[in-house]
Every structure is written in C-alpha cells, then in structure tokens.
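Each chain, letter by letter, is given below.
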Amino acid sequence: MGGKRNREFLAKEATEFLNHVMVERSLFPFMIPMVFVAWIIERWFFPFSNWVLLAVSVWATIQYCRYQRKVLIDDLNKRWKQVLLYTSPITPLEQCEWLNKLFMEIWSNSINPKLANKFSSIVEKRLKHRKPRFIEKIELQEFSLGSTPPSFGLHGTRWSTSSDQQILHMGLEWDSNSVNIMLLAKLSKPLSGTARIVINSIHLKGDLRIMPILDGQALLYSFEPTPEVRIGVVFGKGTQTLPATELPGVNSWLVKLFTDTLVKTMVEPRRRCYSLPPVILNKKAVGGIFSVTVVSATTQLTDKLKGCNSGSLESSVRNGTSEGYSGNGVGQTFVEVELEELTRRTNASPGPDPKWDSTFNMVLHDDAGIIKFNLYEWIPNNLKHNYITSCEVKVRYVADDSTTFWAIGPRSSVLAKRVAFDGQEVDMVIPFEGPNLGELTVRLVLKEWQFADGSVSSNNTSVIGSQRSMNRPSDDHPRTGRKIKLTVVEGRDLVVKDKAGKSNAYVKLQYGKGLYRTKTANVLKPVWSDKFELDEIGGGEYLKIKCYSEDTFTDDNIGSARVNLEGLVEGSVRDIWVPLEKVSAGELRLQVEAVKVDNYEQSGSSHGGSGNGWIELVIIEARDLIAADLRGTSDPYVRVHYGNLKKRTKVTYKTLTPQWNQTLEFPDDGSQLELHVKDYNALLPTSSIGDCVVEYQWLPPNETADKWIPLQGVKKGEIHIKVTRKIPELQKRPSTDSNSLHLTKANQISDQMRQVLRRLRRLVDDADVEALSLAVSEMERIQEVEEDYMVQLESEQSLLINKIGELGQEMYKCSPSPRRKNSCSKNSN
C-alpha cells in the first residue's frame, strides 16, 4: 500500500516537472523527436559516443534542480507574505480592482437603498439643529445617492500594525453627478417664500482606516486626515432649477455641515462601528437604558487644581454647589455625564486622584449613542467652572442581541468590550483627551433595549426610555382600543429653583392632543399619586413630560422627558423611574398599565359615538381652586361645551371648594366634552379659573367613571365629575320597532367592517399573505351583505315615500276648507 502511494506521488511530481520544463523551456518538445532520431541513427547506421547520453542526463538533472529551487522559493514567499501580514508593521501595497467591480454590481439594488435610508435620517436630524438664519424651516423630501458608487483603493491597499492593532489603509474617491438630495426650505423674513434646494453632485476624497475588533465581530472605520468635500447645489421651484446664486451662502453652509458631521463622527480619533454578528435576529432597537457609574480618575493636573483660574482652560457656565469642598486649598473636580440631551454630574472631589462612585440612570433614544464624560474644576461659591478635558464611550446595539462598548485607548488604540446579556457589568479605563492628562474609570451596566415592536430585551423595569422621533404627527395615529392608566407617583433629586429651598413641583403631561397636570407638592421630595386615564394611540406616539417649579410670577422648568408607551402588556403594571433631561438631576416615578376595554369597537368611541345613546355628566364638586376675587375667594360655576351645545351649572358664591351636584345630558355623537370653570361677576366680565377635557369615549356602555380631573391653564385646582355613556338595551325593544332593527343591523355591518380593517392593517404589517387573502374574502362578503342591505333600504324608502304621499293626499282631502267639508263628512259616513 505504501509503495503504491510512493509511485503515485513520484508520478505526480514527474508530471509537474515535465509541465514546468515545457513551460520554461519552449524548445523542449522539439528535443524529444531529435533524441529519438539520434537513437535510430546510432542503432541502425553508425554509433555515437557515450557522451551524448551523459550530456542529456546532466541537462535533465540541472533542470530538475532548478525546478525544485523554484518550488522552494515560491513556498518561502507565501510563508513570508503571511508573516508580513500578521507581524510586519507595514505590508506592501496590493491592488483591489476586484472590490470596485463587485461594489459596482451590488451598488444599485443592495447597498444604495440601505445607505440612503440610513443617511437620510442622519441628514434630517442634522438639518434641524444646524440651519442658517435666513432659513426658518427645512425638511428633507428626497434622498438618493445616485448610480455611481465610491471607489476604494485605487492606489492600492496595505496593512499596518499599531499597538497590536491591525489597520487596513485604503483610499476612497467618490465623484457622482447623479446624486439627488432634495430639500424644501421655508425662508424667513425679509426673503419670505419657499425654495427648493437640490444637491446634484458630490466629490469626496480621503484615506480610510479600517480596524477589526472583538476577534472579527466588528469593524471600526474612520478617515485620516479630514477628507476633501465638494458638492453641487441648484435652486428652484417645482421642476424648475435656478443658479446657485439664488440663495448665497447655502453651498458653503452645506459643505461645512457635511464636513463638520464627518469630523465629529468619523475622522480620527472619532470612529464609527460596523457590527458583523454571526446571527441576525432582525430586531430594530429604538432605545436603551443604562446605568453609568463614574468611579474615579487619575490625573496629572496637580498644578492646575490648586485654586487656579487658568485662562488657558476653556470655561463653561454650570450651576455650582458647595458640597464636598474641604477648604484645604487643593483643587476639586467633578464629572458631568452627557448622553444626548440627558446630563448628570457627580459631587466635587479633591486631589489629583478624585473618587466619586456616583451612579446615574441614563436613557438612549436610538440604537447607538455616545456617553461623554466632561471633567471640570469646581470653584467654591461660583457659577463658573473651568472645563479641563473629556473622554467618551460609544455604545451600539448588535443584531445578535448583544451590545458593543468601545472607546479610544492610549496612543489612539482601541478599547472594545462586548456584552452578551442584560445586567452584565463593563469596567473601562479611558484616557482623557490631550497629552498625558490621566484616565477615568467608569462602570457601565446595560439594563434593557427597547425595540420597534414594543418589546424589551429584559424584564427589568426600573427605568423606561422612549423612541427617538419627536416629530410624528399625532392626528394620524389610530386608537388601539385600549386604555392606559397612568399614575404620577413621586419625584426625587429634583432641581431646587426656589430661593427658600422649596420645590413647589408639579408635572404636565401631553399624550396626543390630551393635556394633563398634577397638583402642586410643596415639599422637597414630592409625592403626587395623581392618576390619569389615556386612550392608547398607535403609530409610535410617546408621552411628553415637563416638570415645573411653581413661582409667583413665572414657573421654572426643572426638567423634561419622553416616554415610550408601546408594548405594554395587559394586566401588568410597570413601575418605572424616568430621568429628567436638560437638567443636572431629577427623576420621576410613574406607574403605567394597559387595560383592554370590552366592547370598545361596538361602542363606536373612535367613530363619533353610538348614535342611539346619550352622555350623562354629573358635576359634583371642585377643590383647591384659585382665588379670582380680591377677598381671596371665588364665585365658581361650570360652563360645559359639547360640540355645538353649551350648558352651565348654578353659581356657588364665595368659596374655593364649591359643590354643584348637577346632572347634564348630551346626545352621544362623539364630540369633545369640555369643562370651563368660571368666576361669576355681575358687572365685570367673567374670568377663567381653569378648564379640562373629559375623556369619555373609552367607557363601556352604561358604565360610570368617577374621577378628579386637574384643571389646565391655572396653577392648581381639580374638579370632581361622574360620566356615563347611556345606551339602551337593544334586545329589550319590541320587535316591531323597525327603526331599532335597522340601526342594529347597520351597526353590526359597520362593526364587522371596522374589525376586518383593523385585522387587515395588522396582517399587512406581519406580511401574512394567506391570512390577508382570507381577510379580503371576508371583506368582500361583508360588502355584498351591505349592498343587499342598501337595496332593501331603498325599497323600504320608496314604499315609505308612497305611504307618505297617500297620507298627504288623505290629509289634504280632510282639510277643514269649506269646499271639501261636505266631501270629507261623506267619506267619514
């Protein structure tokens, strides 16, 4: 067996050698017949000397040795290239024309749509925050990157090594005249009007750096240095285009905006991350919740921290307190943690190696973000603090349900860690920006991710986040048929604006078009426990929260937040703490529960009422009203607006806690029910002391809601009401009542169509083709029933018209005119 394998190996090697000789020595095929002819001459005509065979043998030996040497050199070159690739600081340039050809093939149908979708949201966000003064409002209408893709590595690619980090260097050049980015700008005065700005060409040239991290699970990419950017801009109205001088300065503004965005996101040392997950779960993260602990720092700032007010340091105005100051002359520092619009700050700690151990709840409104840590020198009894330096940690959700944290390490290296599950701690030591300024130790804990379908990645409900979008119109959002019970429980660590050290805090809520307000709590740790009932709105609507500190002249804003109310599970109460944004501290505790309202669709609450019922409103009392008269009291009464109907209660004189106990009724047509509390004046005009909206549409038939409603537009005051949607029992009506039967059947057909339409919307979102076909068939069947019912109604209508005509003729004949008196009496006889 072994001999057979040796023979096969020798035969293979001999074949390869012969092929090599035939390639390297093109005259070798002609030598074989010459040797054969020489052998025939020697055999049959006259013999040659033996040196001919010896020369042939020597020649063959030399050729075989050269072949073996070439094989050995090729093998050594392959091994050497591998050694250079993994160990050499810099590898030779390698061409990659194949990459550009591949990119060209997949650009139009694959990469271009994905990049356009991603970049359009980034551009839209940047345009809202960065626009010139002569543009009042600007919106993105179209976004296409054209048919020409960028080119990579036209001058070759190479690998380099820096601090054990492999880096791929390649050039990027993009010249495209088919770009179509259309912006609609509303111009401010004195220009006025609107203008259409079209970006139709782009030139981008720079050097890319690509770094694999986390054992190939992600790539970091950036430019070095800042790339060269040029864009072409035209203006017009409709399809007409005008010269770029129509709005001077727009071209330079757009170029600066584009360049600044690149510098702040992907020019060294700023880098972007592209994940390469082994599994893609097709989840879209829209928000995340993190716990950030600022542990300690080691700094080289001893000279700068001894009470200095160095002019070389950049200054920033912050609200300062005197906590932590020891008065020993050693400078103190604090860290401000910043994530989007949410900021928190630690206490001040002395010395060049401060320790804070401060933990904050942070909310991210996207699938990626930057947690920035700003180091300040704290100056006692001063509102102005010296900015020293900063560092940052970037976070991104990965499609395999993991999370990546990364930062800039020493000498521009990479610090990257991956979290596979929620609750896992990540400790990172991050160098401050600048030469030898020290480093910061932080601890990050992922609590949960929130997804576009409303689900979350864990059962942790200590904090709630929200979706990123702030510009979704609530008018188009459909009601879901559920009720949200919201309780504003309490607050903690709120910013104190009152000079006396009091809080006087209250909370305003907005959900869709509904506005709500809690009572005012005059304590440092307010407890409200105010309950509100909201109609759940689909389409990504969020709850907006604003917290105020009540003052004599104007109320101070002490924080705001946005809360996502999607994905609530019925029967489960979420007890959550919401961190307030745009302030240095403060959290609100909410309790949120979703409740399914029985017979919601049959009640017709979202379609203008039941049509055969009425609203019974009992206005019972009010409390804590504001004083509208000089004597410190009011003469309150309530004016009720329901569509075009207006009613009012009696006046209760000289009181801030009136009791009315009056019952008012209105036809149930789905109109908005508004209560306006007024102060009665005999001579002067009446003044408003608060108003509110009564949400009654969610009520099941013949059930009563008893609630206190905070008054809007005033600092305090609540009104106590009971509201009932009265609907008669249809089954108890006599069967001869044809109008009731018609109403019942019409309601049944309408309810069936609404149910099928809701199911169709849900199935379209789920892309369930089979169920969609069944739902369409059911809709066609209901339409046939509706057509038959309409034919029946038309026939009954014609019969009714004929009957009315006959009755009219009979009445005309029996009218008491002198001419027809006798005829009528004869007919009666």
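Residues numbered from 1 in each chain as written. Predicted model: local features only at pLDDT ≥ 70, side-chain atom pairs only at ≥ 80, totals over all residues. Heavy atoms only, no water.

Student: How do you make sense of the environment of Ser 402 when you look at a structure like this?
Tutor: In this structure, Ser 402 sits in strand β17 (residues 402-408). Taking C-alpha positions, Ser 402 is 4.6 Å from Ala 420, a pair spaced 18 residues apart along the chain. Setting aside residues up to four positions removed in sequence, Ser 402 forms contacts with Arg 396, Tyr 397, Arg 418, Val 419 and Ala 420. A distance of 2.6 Å separates polar atoms of two side chains, one belonging to Ser 402 and the other to Asp 400. (Helix = DSSP H or I, 4+ residues; strand = E, 2+ residues; numbered from the N terminus. Contact = heavy atoms within 4.5 Å. Polar contact = N/O pair within 3.5 Å; in protein donor to acceptor, adjacent residues only side chain to side chain.)

Student: It is not clear to me how the packing of aromatic side chains should be interpreted in this structure. Could you clarify?
Tutor: Two aromatic rings, taken as a pair, are described by how far apart their centres are and by the angle between their planes. All told, the structure shown has 14 aromatic pairs when counted by the stated rule. With centroids separated by 5.2 Å and ring planes inclined at 90°, the aromatic side chains of Phe 103 and Phe 152 adopt a geometry described as edge-to-face. Taken together, the positions of Phe 103 in helix α4 (residues 97-129) and Phe 152 in strand β2 (residues 151-162) put the pair 49 residues apart, joining distant regions of the chain. A centroid spacing of 5.6 Å and a plane angle of 90° characterise the contact between Phe 290 and Trp 449, whose relative ring orientation is edge-to-face. One end of the pair, Phe 290, is in strand β9 (residues 285-299); the other, Trp 449, is in strand β20 (residues 438-451), with 159 residues separating them in the sequence. Residues Phe 290 and Trp 449 agree in their burial class; the two are buried. One aromatic cluster is present, built from ring pairs that chain together Phe 290, Tyr 397, Phe 405, Trp 449 and Phe 451. (Phe/Tyr/Trp six-rings, centres within 6.5 Å; stacked < 30°, edge-to-face > 60°. Buried < 20%, exposed > 50% of the residue type's maximum accessible area, 1.4 Å probe, protein only.)

Student: Honestly, the environment of Ile 709 in this entry has me stumped. Any pointers?
Tutor: Considering the arrangement of structural elements, one finds Ile 709 in strand β35 (residues 704-710). Classification of Ile 709 as buried rests on a relative accessible area of 10%. For the pair formed by Ile 709 and Ile 721, sequence separation is 12 residues and the distance between their alpha carbons is 7.9 Å.

Student: Just checking my understanding: could you explain the pattern of salt bridges for this structure?
Tutor: Close approach of charged atoms allows side chains with opposite charge to pair. Counted according to the given criterion, the structure contains 24 salt bridges. As a salt-bridge pair, Glu 228 and Arg 230 come within 2.5 Å of each other at their nearest N and O atoms. Among the ionic pairs, Arg 443 bridges to Glu 425, the shortest N-O distance being 3.9 Å. You can see Arg 443 sitting in strand β20 and its partner Glu 425 sitting in strand β19 (residues 425-431), a full 18 residues away along the chain. Residue Arg 443 is classed as partly exposed on the basis of its relative accessible area, which comes to 27%. (Salt bridge = Lys/Arg side-chain N within 4 Å of Asp/Glu carboxyl O.)

Student: Is there a simple way to explain the sheet that holds β35 in this structure?
Tutor: Sheet strands associate in pairs through backbone hydrogen bonding, adopting either a parallel or an antiparallel arrangement. Ordered by their spatial adjacency, four strands build an open sheet running β32-β29-β36-β35, and the pairing between neighbours is antiparallel. Of all the strands in the sheet, just β32 (659-667) and β35 have a single pairing partner and so form its edges. Pairs of neighbouring strands in the sheet enclose a mean axial angle of 20°, with direction left out of account. The pairing of strand β29 (residues 614-623) with strand β36 (residues 718-726) spans nine bridges and is classified as antiparallel. Across the sheet, the residue bridging to Glu 621 is His 720, located in β36. (Pairing = 2+ DSSP bridges. Axes fitted to C-alpha atoms, helices over the stretch in contact; angles between N-to-C directions.)

Student: Please clarify how the nonpolar core should be interpreted in this entry.
Tutor: Counting residues in hydrophobic clusters, the biggest one holds 40 residues, and the most contacted among them are Leu 183, Ile 197, Val 233, Trp 253 and Leu 254. At the level of elements, α4, β1 (135-144), β3 (165-176), β4 (180-187), β5 (194-213), β7 (228-236) and α5 (250-266) are the ones that each hand at least two residues to this core. Ile 197 has contacts with Ile 135, Ile 181, Met 182, Leu 183, Ala 185, Val 233, Val 234, Phe 235, Val 250 and Leu 254, leaving out every residue within four places of it along the chain. One finds Val 363, Ile 371, Phe 432 and Leu 440 within the second-largest nonpolar core, a separate group that totals 36 residues. (Core = buried A, V, L, I, M, F, W, Y, C linked by side-chain atoms within 4.5 Å.)

Student: I would appreciate a short explanation of unusual backbone geometry in the present structure.
Tutor: Comment: phi is negative for the bulk of residues other than glycine, and the bulk of peptide bonds are trans. Residue Pro 225 is bonded to the preceding Glu 224 through a cis peptide linkage, with omega at -5°. Positionally, Pro 225 belongs in the loop between β6 (218-223) and β7. Omega for the bond connecting Glu 268 with Pro 269 falls within 30 degrees of zero, at 5°, which places this linkage in the cis form. Looking at where Pro 269 falls in the secondary structure, it is placed in the loop between α5 and β8 (272-275). A positive phi is found at Asp 215, a non-glycine position, where the angle reads about 55°. Relative to the helices and strands, Asp 215 is located in the loop between β5 and β6. Backbone geometry at Asp 624 places phi at a positive 55°, although glycine is not the residue there.

Student: Got a minute to help me understand the sheet that holds strand β25 (residues 542-549) in this structure?
Tutor: A sheet is described by the order of its strands in space; here four strands give the open sequence β23-β22-β25-β26, paired in antiparallel fashion. Two strands bound the open sheet, and with one partner strand each, they are β23 (514-517) and β26 (556-564). Between one strand axis and the next, the sheet turns through 15° on average, direction left out of account. In this structure, strand β22 (residues 505-511) lies alongside β25, joined through six bridges in antiparallel fashion. Pairing of Ala 505 across the sheet is with Ser 549, part of β25.

Student: How should I be thinking about the environment of Asn 109 in this particular structure?
Tutor: Examined against the element boundaries, Asn 109 turns out to sit in helix α4. C-alpha separation for the pair Asn 109 and Ser 147, spaced 38 residues apart in sequence, amounts to 9.9 Å.

Student: I keep staring at the side chain of His 203 and nothing clicks. Help me out?
Tutor: Relative to the assigned elements, His 203 resides in strand β5. Setting aside residues no more than four positions away along its own chain, His 203 makes contact with Trp 174, Asp 175, Glu 228, Val 229 and Arg 230.

Keep in mind that these numbers describe shape and distance, not what the molecule does.
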